[in-house]
Amino acid sequence: MQTYKAPLRDMKFVLHELMNEAPLPGHEEFTPELVDSILEEAGKFCAEQLLPLNASGDLEGCAIENGVVRTPAGFKAAYDAFNEGGWGGLEAAPEFGGQGAPATLAKLVEEMICATNISFGMYPGLTQGAVRALEIHGTEAQKALYLPKMISGQWSGTMCLTEPHCGTDLGLVRTKAVAQADGSYRITGAKIFISAGEHDLSENIIHLVLARAPDAPPGIKGISLFVVPKLLPDAAGEAGAGNGVSCAAIEHKLGIKASSTCQMNFDDAQGWLVGQLNRGMQAMFVMMNAARLGVATQGLGIAEAAYQGAVLYAKERLQGRALSGAKYPEKAADPIIVHPDVRRMLLTMRAYVEGSRALGMWVARRLDEANHERDEAKKAEAEEFVALLTPVVKAFFTDAGFECASLAVQVYGGHGYIRDHGMEQLLRDARIAMIYEGTNGVQALDLVGRKMPANFGRGLRRFFHPVAAFIEENKGHPVLGRAVGGFGKAFGALQLATFFIAEKALADAEEAGAAATDYLRLFGLVALGFMWLKMMKLALEKLPDAGVDAPFYQAKLSTGRFYLERMLTQVGALLAVIKAGKGALMELPEELF
Ligand SMILES: Cc1cc2nc3c(=O)[nH]c(=O)nc-3n(C[C@H](O)[C@H](O)[C@H](O)COP(=O)(O)OP(=O)(O)OC[C@H]3O[C@@H](n4cnc5c(N)ncnc54)[C@H](O)[C@@H]3O)c2cc1C
């Protein structure tokens, strides 16, 4: 069975030592002590309430009967306990019953949820995305009607974009929205793959639906966003009569089996416009960006769970002898952690996890600044940074999540491939995060096609400047100087790749498309390298007075060294691939495939 212990020491290190930022306006009450106690409580909740339902939920899955979807045993009780603890509203606005916590804290809690039960996390996760879209684009009346109940978890939320013929290309949306005399709309169409579209956890389900008015312009510019409740709120704002919304079927899928993935029919359902007509994508992007960071966190959570499982096993499993001679001669064999190849796998996971956690926190802090900073210039700067890094963390963390889950299966050998230890479930559950919220290939296109050139590269500079300043400041560091020099070369590779793509793409957009995925990976590797060097520098400063904490900082130095020497070095190969250009990709004629 999978086990989990919240990595509180590392979380606190990243929040209080590495970042150590002053609270933003509105976050003053979240003192380090309060933040720590919330993290501790969250860790307990996830380990005690969510983890025990992870394997059973996977085995049982969701079921549908006459349009009614049943979640696995124990999910309803856990959902109620989750809401009683206020976890669903941790980050939401206090005026609607949320706790107004910083994203930095909320993301760490999300990581724990994803590590222990990613399927469960989908239900409140989708709601939080819908809450965010309504907070920003809803009318005052919509906010008053929906937000308190969604934040408390009494009602849940969905995002309904995908249709059978339309996934990535949302310009193809066909669902119709016809204006009514009373200001509402009638929504008709079929949506597929809708997470939490129907279930038995909440009293009502509030769908945010992309649809098209009859006279709307074609393509993406004619799409609008509507709020469509499953049960229509009555005059008192309570769940009332049924709306024309039904679940036709649920999907049978590779992983996240306890999360209901629904085919939803909207049949003349009553809905209300959110934001402006034909500007639905702008409103939906708020939700999608929040969701993309949420999905990135799923990758991180799975990677942490995989790492913990693999370490436990590698210390227990006795096979073979250390190449340097028996380490435990009194035992029948040495534990597999003595083998360099097993250590390679464990350290790869660890370096991904801790590096990603640090990078994720940097992005979350900048997200908090974008939302709460009073200084408009700083706010705008933070927004650009988050916009740039969102596709990077979404794709890089979820690729890493899957890679770590696969490595964990490998560390367990055959015992990882069978069900007993939970590793094969992690592998299956991790896979979807690379697909939904925009496939990772599409994230890469977003990075090179939109984020990189935006404002003549100003967004890029929000990342490049602090990295360049760090290299300049630390290249003569007595201990880390050489490592900083090596990192400088990796950063140089990123700059070269950026110029190369920018130049080539001007003449031929296909060149940018051909380079996109490798460029995003190169970017992610350099971003993690930056995080590792900052952590190593801090660890060196802390070590002399660390006392009992010394092993923690020592481990940072060793893991950082592994990352810089054995993972960051992949950037050279990536740069070579990028520079090879589109030729080899586009040469083979379609008919020869
Ligand atoms: C379990 C699950 C839960 C989901 N939850 C939701 C949900 O709650 N709400 C919702 O609306 N949707 C949801 N989805 C749908 C999901 O977001 C889509 O599956 C995803 O966006 C990809 O769309 P698609 O499956 O139609 O693939 P396609 O868009 O057909 O893409 C197929 C392949 O082509 C590539 N591709 C497509 N266009 C391009 C391009 N322009 N350039 C380069 N490559 C391209 C893609 O990267 C991909 O590899 C869910 C899906 C699943 C499986």
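These numbers were taken from a predicted model, which means no experiment stands behind them. (Residues numbered from 1 in each chain as written. Predicted model: local features only at pLDDT ≥ 70, side-chain atom pairs only at ≥ 80, totals over all residues. Heavy atoms only, no water.)

A. Representation of the overall build of the protein chain within the structure. For the protein chain, the helix and strand inventory stands at 18 helices and eleven strands. Taken over C-alpha atoms, the radius of gyration comes to 24 Å for the protein chain, in line with the 25 Å a tight globule of 593 residues would show. When the backbone C-alpha atoms are referred to their principal axes, the protein chain occupies close to 80 × 60 × 60 Å. The 593 residues of the protein chain split such that 56% are buried. For the protein chain, the exposed surface amounts to about 24,700 Å²; the carbon and sulfur share of it is 56%. Counting 57 positive and 68 negative side-chain charges, the protein chain places the centres of these two groups 5 Å from one another. (Helix = DSSP H or I, 4+ residues; strand = E, 2+ residues; numbered from the N terminus. Rg over C-alpha atoms; globule rule 2.2 N^0.38 Å. Buried < 20%, exposed > 50% of the residue type's maximum accessible area, 1.4 Å probe, protein only. Areas by Shrake-Rupley, 256 points an atom, 1.4 Å probe, with all protein chains shown as cover. Lys, Arg positive; Asp, Glu negative; His and termini not counted. Charge placed at Lys NZ, Arg CZ, Asp CG, Glu CD.)

B. Region of interest: the site of the ligand. In the vicinity of the ligand lie 18 residues, with Met159, Thr162, Thr168, Phe193 and Thr439 positioned nearest. In this structure, a nitrogen atom belonging to the ligand sits 2.8 Å away from a main-chain N or O atom of methionine 159. At a separation of 2.6 Å, a nitrogen atom of the ligand approaches a polar side-chain atom of threonine 162. It is strand 5 (residues 185-195) that provides the largest number of residues to the shell around the ligand, a total of three residues. Here the residues of the shell around the ligand are counted per class, giving ten nonpolar, six polar and two charged. (Near = heavy atom within 4 Å. Polar contact = N/O pair within 3.5 Å; in protein donor to acceptor, adjacent residues only side chain to side chain. Nonpolar A, V, L, I, M, F, W, Y, C, P; charged D, E, K, R; others polar.)

C. View of the environment of leucine 528. Inspection of the secondary structure assignment puts leucine 528 in helix 15 (residues 509-542). Considered as a pair, leucine 528 and leucine 564 are 36 residues apart in the sequence and their alpha carbons are 9.4 Å apart. If we ignore the near neighbours within four places in the chain, the residues touching leucine 528 are Ala351, Tyr352, Gly355, Ser356, Leu359, Phe396 and Tyr563. (Contact = heavy atoms within 4.5 Å.)

D. Structural detail: a nonpolar patch on the surface. A cluster of nonpolar side chains, Leu588, Leu592 and Phe593, forms an exposed patch at the surface whose accessible area comes to about 380 Å². Among the secondary structure elements, leucine 588 is positioned in the segment after helix 18 (583-586). According to the relative accessible area criterion, leucine 588 is partly exposed, its value standing at 42%. (Patch = residues over 30% accessible without salt bridge, like charges linked within 9 Å, V, L, I, M, F, W, Y side chains within 5 Å. Salt bridge = Lys/Arg side-chain N within 4 Å of Asp/Glu carboxyl O.)

E. Region of interest: the packing of aromatic side chains. Under the counting rule described, the total for this entry stands at 21 aromatic pairs. Centroid distance phenylalanine 552 to tyrosine 553: 5.3 Å. Interplanar angle 85°. Geometry classified as edge-to-face. The exposure classification of phenylalanine 552 matches that of tyrosine 553, with both residues buried. Aromatic ring contacts, followed pair by pair, group Trp362, Phe385, Phe463, Phe464, Phe470, Phe487, Phe491, Tyr519, Phe523 and Phe530 into a single cluster. Across from the ring centre of tryptophan 155, 5.2 Å away, lies the NZ or CZ of lysine 149, which sits over that ring. Directly above the ring of phenylalanine 385 sits arginine 366, whose terminal nitrogen or CZ lies 5.2 Å from the centroid. (Phe/Tyr/Trp six-rings, centres within 6.5 Å; stacked < 30°, edge-to-face > 60°. Lys NZ or Arg CZ within 6 Å of the ring centre and 35° of its normal.)

F. Layout of the pattern of salt bridges. For the coordinates displayed, the defined rule picks out 38 salt bridges. Of the charged contacts in the structure, one is a salt bridge between glutamate 60 and arginine 70, with a shortest N-O distance of 3.3 Å. Here arginine 70 lies in strand 2 (residues 68-70) and glutamate 60 lies in helix 3 (residues 52-60), a separation of ten residues in the sequence. Glutamate 354 is the salt-bridge partner of lysine 556, the closest N and O atoms lying 2.6 Å from each other. Here glutamate 354 lies in helix 8 (residues 340-372) and lysine 556 lies in helix 16 (residues 550-567), a separation of 202 residues in the sequence. With respect to class, lysine 556 is no different from glutamate 354; both count as buried. What you see here is one network of salt bridges that share partners, running through Glu21, Arg365, Arg366, Glu369, Glu381, Glu384, Arg458 and Arg462.

G. Focus on the nonpolar core. In terms of nonpolar packing, the biggest core is built from 192 residues, with Met349, Phe463, Tyr519 and Phe523 touching the most fellow members. The element best represented in this core is helix 15, accounting for 19 residues. Aside from chain neighbours lying at most four places away, what touches methionine 349 is Ala306, Tyr307, Ala310, Cys404, Leu407, Ala408 and Val411. (Core = buried A, V, L, I, M, F, W, Y, C linked by side-chain atoms within 4.5 Å.)

H. How the structure looks around the pairing of strand 11 (residues 261-274). Pairing of strand 5 with strand 11, which is carried by eight bridges, proceeds in the antiparallel orientation. Bridge pairing in strand 11 places lysine 191 opposite methionine 264. Sheet topology note: the strand 7 (residues 223-229)/strand 11 ladder contains three bridges and is antiparallel. Note on strand 11: the bridge partner recorded for leucine 225 is valine 274. Both strand 10 (residues 245-250) and strand 11 contribute to a ladder of five bridges, which runs antiparallel. When the bridges of strand 11 are listed, serine 246 appears paired with asparagine 265. (Pairing = 2+ DSSP bridges.)

I. The side chain of serine 119, seen in detail. With respect to the helices and strands, serine 119 occurs in helix 5 (residues 103-137). Within the local environment of serine 119, its side chain forms a polar contact with the backbone nitrogen of alanine 258, the two atoms lying 3.4 Å apart. Dropping the residues within four chain positions of it, serine 119 is found in contact with Ile256, Lys257, Ala258 and Ser259.

J. Main features of the packing of helix 1 (residues 8-19) against helix 8. It is the contact of helix 1 with helix 8, at a shortest axis distance of 10 Å, that shows an interaxial angle of 50°. The pairing of helix 1 with helix 8 is recorded here as oblique in orientation. Helix 1 and helix 8 meet at a crossing whose hand is right-handed. Across from Asp10, Met11, Val14, Leu15, Leu18 and Met19 in helix 1, the residues of helix 8 making contact are Glu354, Arg357, Ala358, Met361, Trp362 and Arg365. Of the residues in the contact of helix 1 with helix 8, the class split is eight nonpolar, no polar and four charged. (Axes fitted to C-alpha atoms, helices over the stretch in contact; angles between N-to-C directions. Parallel < 35°, antiparallel > 145°, perpendicular 65-115°, else oblique. Left-handed = near helix turned anticlockwise from the far one by under 90°.)

K. Local environment of unusual backbone geometry. Unlike most non-glycine residues, asparagine 20 shows phi in positive territory, near 50°. With a relative accessible area of 57%, asparagine 20 lands in the exposed category. One non-glycine residue with positive phi stands out, namely asparagine 66, at about 50°. Relative to the assigned elements, asparagine 66 resides in the loop between strand 1 (63-65) and strand 2. Note on asparagine 66: relative accessible area 77%, which makes it exposed.

L. Region of the structure containing helix 8. Across its 33 residues, helix 8 extends 47 Å between first and last C-alpha, which sits within 8% of the 48 Å expected from 1.5 Å per residue. For helix 8, a buried count of 25 out of 33 residues is recorded, marking the element as mostly surrounded by other parts of the structure. (Expected span 1.5 Å × (residues − 1).)

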